[in-house]
Amino acid sequence: MTDATPDAQRTFRDLLHAQRVWDVDLPGFDPATAPDAPVPLFHAWFAEAVAAGQPEPHTMTLATVDSADRPDVRTLMLHDADGRGWHFATHSTSAKGRQLAARPYAALGFYWPAQGRQVRVRGPVTACTPAESRADLHARSTGALASALTGSQSAVLGSGEELTRAADAAWERARAEPDAEVETWTRYVVAPEKVEFFQGDAGRRHVRLRYRREADAWVRELLWP
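Rules behind the numbers
- Residues numbered from 1 in each chain as written.
- Predicted model: local features only at pLDDT ≥ 70, side-chain atom pairs only at ≥ 80, totals over all residues.
- Heavy atoms only, no water.
- Helix = DSSP H or I, 4+ residues; strand = E, 2+ residues; numbered from the N terminus.
- Contact = heavy atoms within 4.5 Å.
- Buried < 20%, exposed > 50% of the residue type's maximum accessible area, 1.4 Å probe, protein only.
- Polar contact = N/O pair within 3.5 Å; in protein donor to acceptor, adjacent residues only side chain to side chain.
- Salt bridge = Lys/Arg side-chain N within 4 Å of Asp/Glu carboxyl O.

J.: Give a detailed account of the environment of Pro-35, specifying residues and quantitative values.
T.: When you line up the elements, Pro-35 lands in the loop between α1 (6-18) and α2 (38-51). Spatially, the C-alpha atom of Pro-35 lies 32 Å from that of Asp-72, the residues being 37 residues apart in sequence. The contact partners of Pro-35, leaving out residues within four places of it in the chain, are Pro-40, Leu-41, Tyr-211 and Arg-220.

Structure representation (C-alpha cells):
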C-alpha cells in the first residue's frame, strides 16, 4: 500500500481540522417530555428532520456481523418504523442478507445534522413473509424494481459494460412487467431492544435518552454525553 506524501497528508489534515459541526441553530430536547415508547418519538423527530430540510432523512446505516464475527456496515433506506420495529429490504443472497441469516442481529444509525440529532437502534432481525416482501418491492418505483432485477448484489462484477447491459435489460423488464417477481427480495425488521436519541448541543452538553426493553415495558434512562 502506498502512503500519501507528507504534503498530501498535511493538506488532508488541515482540511479535516477546519471542518465544523452544527453551524446552525439546534433545537432543544427535554427528555422529560418524551413518550413512553421510542417509535412515536422517532416519528416526531423524522417529521422535524424533513421540515428542517434534512437531505435524505430516510437513509440509515446498517451494521451486521460477518462469518468471522467482524463488523460490516453500509447505508440503505428505511422502509417503515412501526410497532414491530424498523424495516428495510435487500436481497437475501446479498452480503448483508447472508450475514443476517447466520447472525440475525443488527444495529441501525440515523444522523440528521440539520438538527444535530442521531438515533441508534439495536435488536434481533427477522425476515418478513414472502407476501410482505413482494408488496414492499412493488410499492416502490420502477427504478427500484429495475435495481432489484439487476445482477447479483454483492457478487464480483466483471466490467462496467456488463453492468450497463444488465441494467438496461432490467429497466426494460421493469417497465414491461411492473409485477415481476424477485424471489430473493426480502423485507426485514429490526425489533428494538435498545433505542437511543441523541440531541447535539453546541456547548457539548449533549442530551442522550435511551429506551431499553425490559420484559414488556420500556425503561427510559439518560446517558452521559
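J.: Got a sec to walk through the environment of Gln-115? Specific residues and values, please.
T.: Along the chain, Gln-115 falls in the loop between β5 (105-112) and β6 (117-127). A relative accessible area of 10% means that Gln-115 is categorised as buried. The spatial distance from the C-alpha of Gln-115 to the C-alpha of Phe-88 is 24 Å, given a sequence separation of 27 residues. Ignoring anything within four residues of it in the chain, the contact list for Gln-115 reads Leu-26, Pro-27, Trp-45, Glu-48, Ala-49, Ala-52 and Gln-199. Reaching out from Gln-115, the side chain makes a polar contact with the backbone nitrogen of Ala-49 at a distance of 3.5 Å.

J.: Describe the pattern of salt bridges, naming the residues involved and giving the relevant values.
T.: Summed over the entire model, instances satisfying the criterion amount to 14 salt bridges. Between Arg-120 and Glu-196 there is a salt bridge whose closest N-O contact spans 2.9 Å. A residue pair is termed long-range when its members are at least 10 positions apart, and Arg-120 in strand β6 and Glu-196 in strand β8 (residues 194-199) qualify at 76 residues. Glu-196 gets classed as buried once you look at its relative accessible area, which sits at 6%.

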